[in-house]
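# Coordinates in review
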Amino acid sequence: MASTLFNASCSFPSIKVIDCKSYVGLRSNVSQVRVASLPVATSQRRSLVVRASNGHAKKLGRSDAECEAAVAAGDVPEAPPVPPKPAAPAGTPVIQPLNLNRRPRRNRASPTARAAFQETDISPANFVYPLFIHEGEEDTPIGAMPGCYRLGWRHGLLQEVAKARAVGVNSIVLFPKVPEALKNPTGDEAYNDNGLVPRTIRLLKDKYPDLIIYTDVALDPYSSDGHDGIVREDGVIMNDETVHQLCKQAVSQARAGADVVSPSDMMDGRVGAIRAALDAEGFQNVSIMSYTAKYASSFYGPFREALDSNPRFGDKKTYQMNPANYREALIEAREDEAEGADILLVKPGLPYLDIIRLLRDKSPLPIAAYQVSGEYSMIKAGGVLKMIDEEKVMMESLMCLRRAGADIILTYFALQAATYLCNQKR
C-alpha cells in the first residue's frame, strides 16, 4: 500500500469532525477520517479508499464537473468494503427470520437513535429544591435524610442556594423549623412579617433577585398541635377558620417577596380565598401552586422529623386524601382550577404516577410532583447498603415523574441530580 496520499481523478471535500465527547451516549472509535490510497493499477486508473485513521485528504483543486466526469467515465473512488456480518456464538440455531413488518428494536439499536427518539427529557430547570431552615447559625444534619440539613438561614442557606444556582437550579421552596416557644394552637407565628420565612425571603431576594422562591402555606410548623389547621377540643380540624389564617400567612409571604405561595394544608376552599386575599393586597402577580392531590401517606416520616412537626395526636386523614382513591383527585383538581390555582401538585410522587398522569391528561395547568422525603431516604439507604446504584435509580425515578406528566419536580435530589446532568454534558 502506498505510504502517502497521491493525486486522483477526483477531489473530496474536507470532512467535518464531530467531538463526540460533547454528547451524552455518543461514542466514536475514530477521531478523524482521512482518504488514503490503494496501489496504482497498471491501467493508470487511480483509486481512493476512505479509511478510519488519522490524517486529512489532500485537495486536488478539481471542479465539481471534473469530479462528476471522472466518475461517469468509470474512474470511481473506492470506499471501504461492506463489513462482514458479525458471527453468532457457537450453537446458535440456524432459523428462518421471523416475518415481521415492524421491529421496534430498530429504533433502539444505537445511542444516537435512542437519543434522537427519546420522548421525555429532564433538566435542572425542572427541579424545585426544598430547603429546611432554622434560626441557628450552624447547619444541623437530618438523621433520616442523609445529605439534608436544617440550614442556618443567614449562612448555610445562602451557600446551598449558590451551589444550586451554579448547576442550573434556580427555584427553591422553604420549610421552617419554628422554635417551640413560638407555637400556639392557632399558628399565629405563620403570618408574622418578621418571622423566619419572611426574613429569609427578604435576605434571598436581596442576594439573588432572580431566584424563584416557593413557600409552604400551612399551619403545622407553627401549631402546638402539629396539625395543618386549628384543632377544636373534640379533635376536629376547623376548615374555614384555618383558611382565614392561611390567607394572612400567604399575604405575609407575598409581602416579603415570595414568587409562588403553595397551600399544602388541604382545607376546602383555601385556593380561592388565598387568591382573593392576594389580589386585594395588590399581589396579583404572585402565583399559587396548590397541593391538589396530597395523600395521607406514610412516606412523609423523615420530613416531619426534619421540622419536628408530627401531629401531637391523631392523624391527618380527615383532610389529606385516602391513598386508595383515584377519581377523588379530579374533584380536587377541578375545584383548584376554578378557584384560581396556577399549578397543580401531586404528593407523594413515584407511588402516585397514575394521579400525575390523570391530572396531566385532564388539566391544561402545569403539573408539579413532590418526590417526598420517604422516597428520597429509601433511595439513599439502598445506595448506602449497595443494594442499588443510587445515582442511576435517582435519575430514573426523576425521569419517571417527568414521563408521567410532571412539568416540575420538588426533590431533595435537585442539587445532586443537576450536578449529574451538568457533568454528563461536559
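Please read these numbers as outputs of a predicted model, since none were measured by experiment.

This next bit is on the overall build of the protein. Along its length, the protein carries twelve helices and 14 strands. Residues counted as buried form 46% of the 426 residues belonging to the protein. A sequence separation of at least 24 residues applies to 74% of the contacts in the protein between residues at least 6 apart.

Applying the stated criterion across every chain yields a total of 19 salt bridges. Note that Lys-205 is salt-bridged to Asp-259, the shortest N-O span being 2.8 Å. Of this pair, Lys-205 sits in helix H4 (residues 196–207) while Asp-259 is found in the loop between helix H5 (239–256) and strand E10 (260–263), placing the two residues 54 residues apart along the sequence. Overall, Asp-259 belongs to the partly exposed group, its relative accessible area being 22%. Among the salt bridges present, the one from Asp-336 reaches Arg-270, with a minimum N-O distance of 3.8 Å.

With that settled, the discussion passes to the pairing of strand E12 (residues 343–347). Here is the key point about a regular strand: its side chains alternate between the two faces of the sheet. Burial runs high along E12: five of the five residues are buried. Taking every second residue as pointing to the same face, both faces of E12 are buried, with Ile-343, Leu-345 and Lys-347 on one and Leu-344 and Val-346 on the other. Across five bridges, the pairing between strand E11 (residues 287–294) and E12 is parallel. In the sheet register, Met-289 faces E12, and the bridge partner there is Ile-343. Two elements, E12 and strand E13 (residues 367–371), share three bridges in a ladder whose sense is parallel. Across the sheet, residue Leu-345 finds its bridge partner in E13, namely Ala-368. Handedness of the β-α-β unit built from E12, helix H9 (residues 353–362) and E13 comes out right-handed.

Counting through the fold element by element, Thr-200 comes out in helix H4. Overall, Thr-200 belongs to the buried group, its relative accessible area being 0%. The contacts of Thr-200, once residues within four sequence positions are left out, are Ile-133, Trp-153, Leu-157 and Leu-174.

Right, let's get into the packing of aromatic side chains. Counted by the stated rule, this structure contains eight aromatic pairs. Arranged with centres 4.4 Å apart and planes meeting at 25°, the rings of Tyr-295 and Tyr-352 form a pair that is stacked. Linking Tyr-295 in the loop between E11 and helix H7 (301–307) with Tyr-352 in the loop between E12 and H9, this pair joins segments that are 57 residues apart in sequence. Take Tyr-295: its relative accessible area is 0%, and that puts it in the buried class. Residue classification places Tyr-352 among the buried positions, given a relative accessible area of 9%. Taken together, a centroid distance of 4.6 Å and an interplanar angle of 50° make the contact between Tyr-376 and Phe-413 tilted. Of this pair, Tyr-376 sits in helix H10 (residues 373–384) while Phe-413 is found in the loop between strand E14 (408–411) and helix H12 (414–425), placing the two residues 37 residues apart along the sequence. Judged by its relative accessible area of 2%, Tyr-376 falls in the buried class. Taken together, Phe-132, Phe-175, Tyr-291, Tyr-370, Tyr-376, Tyr-412 and Phe-413 form an aromatic cluster joined through their ring pairs. For the cation-ring pair, Lys-347 lies above Tyr-300, with the distance from its terminal atom to the ring centre recorded as 4.8 Å. Across the ring face of Tyr-370, the terminal group of Lys-347 is positioned such that the distance to the ring centre comes to 4.7 Å.

The predicted coordinates ought not to be read in detail in places where the model reports low pLDDT. The pLDDT averaged across the protein works out to 88; a share of 86% of its residues lies at or above 70. A low-confidence stretch, residues 1–50 (pLDDT under 50), is modelled with 92 contacts involving residues beyond four sequence positions or located in other chains.

Once that is clear, we can look at a positive patch on the surface. A grouping of Arg-102, Arg-103, Arg-105, Arg-106 and Arg-108 is seen on the molecular surface, where their side chains present a positively charged patch. Inspection of the secondary structure puts Arg-106 in the loop between helix H1 (64–72) and helix H2 (111–116).

The subject of this paragraph is H9. Buried within H9 we find Ile-355, Ile-356, Leu-358 and Leu-359. Buried residues in H9, looked at end-on, bunch into an arc of 160°, giving them a common side. At its buried positions, H9 is contacted by E11, helix H8 (328–339), E12, E13 and helix H11 (390–404).

Cis geometry is adopted by the peptide bond preceding Pro-348, which originates at Lys-347 and carries an omega value of -5°. Considering the arrangement of structural elements, one finds Pro-348 in the loop between E12 and H9. Phi at Met-266 takes a positive value of approximately 70°, unusual for a residue other than glycine. Following the sequence through the fold, Met-266 ends up in the loop between E10 and helix H6 (270–280). With a relative accessible area of 4%, Met-266 lands in the buried category. Despite not being glycine, Lys-386 shows a phi value in the positive range, around 60°. Checked against the element boundaries, Lys-386 lands in the loop between H10 and H11. Taking relative accessible area as the criterion, Lys-386 reaches 72% and is therefore assigned exposed.

Each value, and the rule that gives it
Residues numbered from 1 in each chain as written. Predicted model: local features only at pLDDT ≥ 70, side-chain atom pairs only at ≥ 80, totals over all residues. Heavy atoms only, no water. Helix = DSSP H or I, 4+ residues; strand = E, 2+ residues; numbered from the N terminus. Buried < 20%, exposed > 50% of the residue type's maximum accessible area, 1.4 Å probe, protein only. Contact = heavy atoms within 4.5 Å. Salt bridge = Lys/Arg side-chain N within 4 Å of Asp/Glu carboxyl O. Pairing = 2+ DSSP bridges. Right-handed = clockwise from strand over helix to strand, strands pointing away. Phe/Tyr/Trp six-rings, centres within 6.5 Å; stacked < 30°, edge-to-face > 60°. Lys NZ or Arg CZ within 6 Å of the ring centre and 35° of its normal. pLDDT = per-residue confidence, 0-100. Patch = residues over 30% accessible without salt bridge, like charges linked within 9 Å, V, L, I, M, F, W, Y side chains within 5 Å. Areas by Shrake-Rupley, 256 points an atom, 1.4 Å probe, with all protein chains shown as cover. Lys, Arg positive; Asp, Glu negative; His and termini not counted. Charge placed at Lys NZ, Arg CZ, Asp CG, Glu CD. Arc of directions from axis to C-beta.

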